[in-house]
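# Architecture at a glance
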Amino acid sequence: MEDGDTSSSFPIGKSAQEKGLSYVPDCYVVPPPQRSNLTPETTNVPVVDLAGLHDPGERSHIIKDIGSASRGLGFFQIINHGVCQSVLDGALSSAFDFFNLPMEKKLEFMSNDVHKPVRYGTSLKDGIDKVQFWRIFLKHYAHPLKDWVELWPKSPANYRENMGKYATEVRKLALELTTAITESLGIGPTYLNNKMEEGMQVMAINCYPACPKPELALGLPPHSDYSCFTILLQSSQGLEIMDRNDGTWRAVPELDSALQVHVGDHLEVLSNGLYKSVVHRAALNTEKTRISIASLHSLGMDEKMETAKELIDEQHPKNYKGSSFRDFLNFLSANDIAEGKSFIQTLN
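Residues numbered from 1 in each chain as written. Predicted model: local features only at pLDDT ≥ 70, side-chain atom pairs only at ≥ 80, totals over all residues. Heavy atoms only, no water.

### Overview of the overall build of the chain
- Regarding its fold elements, the chain presents 9 helices and 12 strands.
- The C-alpha radius of gyration of the chain comes to 19 Å, within 12% of the 20 Å expected for a compact globule of 348 residues.
- Over its C-alpha atoms, taken along the principal directions, the chain stretches across nearly 60 × 45 × 35 Å.
- By residue count, 56% of the 348 residues in the chain fall in the buried class.
- Taking as baseline every contact in the chain between residues at least 6 positions apart, the subset at least 24 positions apart corresponds to 75%.
- Between the centroid of the 34 positive side chains of the chain and the centroid of its 44 negative side chains there is a distance of 4 Å. (Helix = DSSP H or I, 4+ residues; strand = E, 2+ residues; numbered from the N terminus. Rg over C-alpha atoms; globule rule 2.2 N^0.38 Å. Buried < 20%, exposed > 50% of the residue type's maximum accessible area, 1.4 Å probe, protein only. Contact = heavy atoms within 4.5 Å. Lys, Arg positive; Asp, Glu negative; His and termini not counted. Charge placed at Lys NZ, Arg CZ, Asp CG, Glu CD.)

See the structure below:
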């Protein structure tokens with residue numbers, strides 16, 4: 001133990017992960033039952049090939065695969081998704097370049113206010129979380145791009161261009177996935193189209209530096225995403241998802257050029273629990289920094305997601321209250337997710 005190892009000793013800009021400390025301070029150490037296994041079992045993740053999504057002969061099979069994955073793990077990987085490799089590489093490269101900037105450039109965006117449209121921070125939501133997590137992040141709104149891109153970092157020089165291209169491409173993909181997901185629920189491909197067209201896209205660019213004792217700490221604690229769904233791009237393995245059947249944690253295997261899709265809380269609400277939001281966490285390693293770029297897609301800031309009335313009957317009564325993105329931000333501001341509180345529990 002080192003002197004002054006409380007979370008208040010590691011504000012944003014001076015955190016252990018930003019400074020590259022050679023030890024893990026006490027306030028980062030998670031209780032033994034919550035620690036990650038350094039050699040976790042990998043999980044058998046469904047892989048959905050989107051190549052035939054516009055082919056009437058293939059589409060029904062793809063819709064069925066998406067429905068099956070959303071009912072089971074609440075998670076799947078997608079290939080032939082239409083976002084070209086150069087766009088994926090450009091986004092990851094710009095993310096690495098941003099986190100390698102001098103500290104004063106990054107601290108221009110520092111904020112503990114979860115309602116801010118662009119903010120740099122550490123740990124889960126800020127540098128004063130009770131338990132600290134070995135993570136640095138930049139979050140920014142991304143749709144409509146023209147409304148937000150001028151607030152994004154100017155440095156590195158290609159950040160806005162590269163991340164903007166990725167944000168635009170992944171949003172097109174999200175709208176395609178929206179039609180497929182609602183079709184898989186049996187409520188039709190256009191059920192959410194207009195609301196998602198007008199909806200929110202939030203980019204969370206996460207940096208998990210190499211950790212001297214990865215078995216003691218986590219990059220992010222177990223949580224589900226508030227969104228309808230999240231599309232994730234990562235530079236290397238580190239994402240773990242919880243098997244709902246037995247509570248065990250499994251590593252998600254790497255698959256070249258694939259993107260990962262997380263069912264979020266709002267899709268669980270829409271489906272009346274047919275689809276479950278996936279509980280996941282970020283594990284660490286000693287060797288290299290891992291970057292993940294999460295694109296979270298939801299309805300508009302104050303547009304409440306309600307359960308589809310077509311999925312409610314006497315045998316399946318309505319199980320969830322409606323909620324909006326702003327409701328989630330207010331929840332995040334008032335609660336500590338690391339203590340096991342989850343947004344979805346407030347909706348039951």
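### Observations regarding the side chain of Thr307
- By the secondary structure assignment, Thr307 is in the loop between strand E12 (290-298) and helix H9 (325-334).
- Side-chain polar atoms of Thr307 contact the backbone oxygen of Val269, separated by 2.7 Å.
- Discounting residues that sit within four places of it in the chain, Thr307 has contacts with Val269, Leu270, Asn272, Ile312, Lys318 and Tyr320. (Polar contact = N/O pair within 3.5 Å; in protein donor to acceptor, adjacent residues only side chain to side chain.)

### Concerning the layout of surface pockets
- Approximately 570 Å³ is the volume attributed to the largest pocket.
- Residue assignment for the lining of the largest pocket shows that the elements contributing at least two residues are strand E6 (220-223), helix H8 (265-270) and H9.
- Considering every element that reaches the lining of the largest pocket, the biggest residue donor is E6, with 3 residues.
- Tallied by class, the residues present in the lining of the largest pocket amount to 17 nonpolar, 7 polar and 9 charged. (1 Å grid on protein atoms, 1.4 Å probe; cavity = no way out; pocket = protein on both sides within 12 Å on 5 of 7 lines; lining within 4 Å. Points joined across faces, edges and corners; volume = space filled by probe spheres on them. Nonpolar A, V, L, I, M, F, W, Y, C, P; charged D, E, K, R; others polar.)

### Notes on empty space enclosed by the protein
- With the rule as written, the count across this model stands at 3 cavities of 30 Å³ or more.
- Its volume calculated, the largest cavity comes out at about 530 Å³.
- Lining the largest cavity are 34 residues, and of these Arg135, Lys139, Ala204, Asp225 and Leu296 lie nearest its centre.
- For the lining of the largest cavity, the secondary structure elements donating two or more residues are strand E4 (136-141), strand E5 (200-208), E6, strand E7 (229-234), strand E11 (280-282), E12 and H9.

### Concerning the nonpolar core
- Counting 105 residues, the largest nonpolar core has Tyr166, Leu177 and Ile293 as the members making the most contacts within it.
- Ranked by residue count, the leading element in this core is helix H6 (residues 159-184), at 10 residues.
- Discounting residues that sit within four places of it in the chain, Leu177 has contacts with Leu50, Ile66, Ile78, Phe229, Ile231 and Val261. (Core = buried A, V, L, I, M, F, W, Y, C linked by side-chain atoms within 4.5 Å.)

### What to know about the packing of helix H2 (residues 56-71) against H6
- Interaxial distance between H2 and H6 falls to 9 Å at its minimum, and their mutual angle equals 80 degrees. In this view, H2 runs roughly perpendicular relative to H6, as classed from their interaxial angle. Across from Arg59, Ile63, Ile66 and Gly67 in H2, the residues of H6 making contact are Leu177, Thr179, Ala180, Ile181, Glu183 and Ser184. (Axes fitted to C-alpha atoms, helices over the stretch in contact; angles between N-to-C directions. Parallel < 35°, antiparallel > 145°, perpendicular 65-115°, else oblique.)

### Points about the packing of aromatic side chains
- Applying the stated criterion to the full structure yields 12 aromatic pairs.
- Here the aromatic rings of Phe331 and Phe343 are separated by 5.6 Å at their centres, their planes lie at 50 degrees, and the arrangement is tilted. Of this pair, Phe331 sits in helix H9 while Phe343 sits in the segment after H9, placing them 12 residues apart in sequence.
- Here a set of aromatic residues connected by ring pairs shows up, and it is made of Tyr141, Trp148, Tyr226, Phe325, Phe328, Phe331 and Phe343.
- One residue, Lys139, lies across the ring of Phe137, its end atom 5.4 Å from the ring centre. (Phe/Tyr/Trp six-rings, centres within 6.5 Å; stacked < 30°, edge-to-face > 60°. Lys NZ or Arg CZ within 6 Å of the ring centre and 35° of its normal.)

### A closer look at the UniProt feature "domain: Fe2OG dioxygenase" (unreviewed entry) in the chain
- Here the UniProt feature "domain: Fe2OG dioxygenase" (unreviewed entry) sits at residues 196-299.
- Structurally, residues 196-299 is divided into 8% helix and 41% strand, and its ends, taken at the C-alpha atoms, are 5 Å apart. (UniProt positions renumbered as here; feature names shortened; annotations may be inferred.)

### Comments concerning the sheet that holds E4
- If you walk across this open sheet you meet the 8 strands as E1-E2-E10-E7-E12-E5-E4-E3, and the pairing is mixed. Lying at the two open borders of the sheet, with one neighbouring strand each, are strand E1 (47-49) and strand E3 (118-122). If you compare each strand with its neighbour and ignore which way they point, the axes differ by 25 degrees on average.
- In this structure, E5 lies alongside E12, joined through 9 bridges in antiparallel fashion. Residue pairing across strands places Met200 opposite Ser298, the latter belonging to E12.
- Each of strand E2 (75-79), E4, E5, E7, strand E10 (259-263) and E12 is contacted by H6, which is oriented at about 135 degrees to E7, the strand it contacts most. (Pairing = 2+ DSSP bridges.)

### Some words on helix H3 (residues 85-99)
- Its 15 residues place the ends of H3 22 Å apart at the C-alpha level, agreeing with the 21 Å of an ideal helix rising 1.5 Å per residue.
- The complete set of buried residues in H3 reads Val87, Leu88, Gly90, Ala91, Leu92, Ser94, Ala95, Phe98 and Phe99. (Expected span 1.5 Å × (residues − 1).)

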